[in-house]
Amino acid sequence: MALQDIKDRIISAEEKAERTAGSTQLIAVSKVQPNERVQAILEQGHRVFGENRVQEAAGKWPAFREKFEGIELHLIGPLQTNKARQAMELAQSIHTLDRPKLAKTFARLAQEMGACPDLYIQVNTGEEPQKAGVLPADADAFVAEAIAMDLPVRGLMCIPPVDQEAAQHFALLGEIAARNGLTGLSMGMSGDFETAVALGATHVRVGSAIFGDRVPSAG
Ligand SMILES: *Cc1c(COP(=O)(O)O)cnc(C)c1O
């Protein structure tokens, strides 16, 4: 069973790193997966899921929430400002706060709604032009700016460049978080979650290793 296998591997990685067993949250990334596969993971008792797109999440999760209690949804994809309200209504965590305009929008909506999901600031650790996230050099200032807006900033998130050692990026993210007093680290995917656990990930985002390959035509 893929889910149990991933959970076991996380526990082993925690043990190896002398971390508390269960201190890493597994986010099952269900984007573009057929509903039967998602349902199967829910039936195995898992409740923490990740989605990339607000639209897709909004089409899929209300029905699952009627059938299963305690579902926790994490939005892990780039977020347009005009989708912020819907994202905040749907998700318990948003991992992709990456610019002042979005921070301001969250702050305004949080006032209005009286609540705000947990937020993670995405850092573009590889400084890739096509990738979202604040640059490492701008991260301290942006963290301070978001906290000054009273936003619930819980930690940092990164997606390392595909062609580089993930470990150096996870370590960099950990350093930036530590010097800013942040404890949350959203890092690690199917190919490198054990490395991420070794470097202190509090949330790993694992999709294909749990669900199988994404079916491109679905969703
Ligand atoms: C799709 C995605 C994942 C999961 O990727 P897998 O390689 O399938 O585990 C994790 N994080 C983000 C931001 C993603 O978009």
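The preceding data block contains the structure.
Everything numeric here is computed off the predicted structure, so don't read it as measured data. (Residues numbered from 1 in each chain as written. Predicted model: local features only at pLDDT ≥ 70, side-chain atom pairs only at ≥ 80, totals over all residues. Heavy atoms only, no water.)

## Looking at the nonpolar core
Then step 1. Formed by 60 residues in total, the largest nonpolar core has its most connected members in Leu97 and Phe106.
Then step 2. For this core, the leading source of residues is helix α5 (residues 100–113), giving six residues. (Core = buried A, V, L, I, M, F, W, Y, C linked by side-chain atoms within 4.5 Å. Buried < 20%, exposed > 50% of the residue type's maximum accessible area, 1.4 Å probe, protein only. Helix = DSSP H or I, 4+ residues; strand = E, 2+ residues; numbered from the N terminus.)

## Section: the site of the ligand
Then step 1. Neighbouring residues of the ligand: 13 residues in total, closest Lys31, Ser190, Gly207, Ser208 and Arg214.
Then step 2. Ser190 is positioned with one of its side-chain polar atoms (N or O) 2.5 Å from an oxygen atom of the ligand.
Then step 3. Ser208 places a polar main-chain atom, nitrogen or oxygen, 2.8 Å from an oxygen atom of the ligand.
Then step 4. Classifying every residue of the shell around the ligand gives six nonpolar, four polar and three charged. (Near = heavy atom within 4 Å. Polar contact = N/O pair within 3.5 Å; in protein donor to acceptor, adjacent residues only side chain to side chain. Nonpolar A, V, L, I, M, F, W, Y, C, P; charged D, E, K, R; others polar.)

## Some points on the pattern of salt bridges
Then step 1. Throughout the structure, instances matching the rule amount to nine salt bridges.
Then step 2. With its nearest N and O atoms 3.8 Å apart, the salt bridge here joins Arg9 to Asp5. Taken together, the positions of Arg9 and Asp5, both in helix α1 (residues 2–16) and four residues apart, correspond to about one turn of that helix.
Then step 3. Judged by relative accessible area, Arg9 falls into the partly exposed class, the value being 30%.
Then step 4. According to the relative accessible area criterion, Asp5 is partly exposed, its value standing at 37%.
Then step 5. Taking the shortest distance from any N to any O, the salt bridge between Arg154 and Asp118 comes out at 2.8 Å. Of this pair, Arg154 sits in strand β6 (residues 153–157) while Asp118 sits in strand β5 (residues 118–122), and the two are 36 residues apart along the sequence.
Then step 6. Given the relative accessible area of 39%, Arg154 is considered partly exposed.
Then step 7. The partly exposed category is assigned to Asp118, whose relative accessible area is 26%.
Then step 8. Through salt bridges that share partners, Asp5, Arg9 and Glu194 make up one connected network. (Salt bridge = Lys/Arg side-chain N within 4 Å of Asp/Glu carboxyl O.)

## Observations concerning the side chain of Asp192
Then step 1. Locating Asp192 in the fold gives a position in the loop between β7 (184–186) and α8 (193–198).
Then step 2. No salt bridge forms around the buried Asp192; measuring N to O, its nearest opposite-charge neighbour Arg205 is 7.1 Å away. (Lys, Arg positive; Asp, Glu negative; His and termini not counted.)

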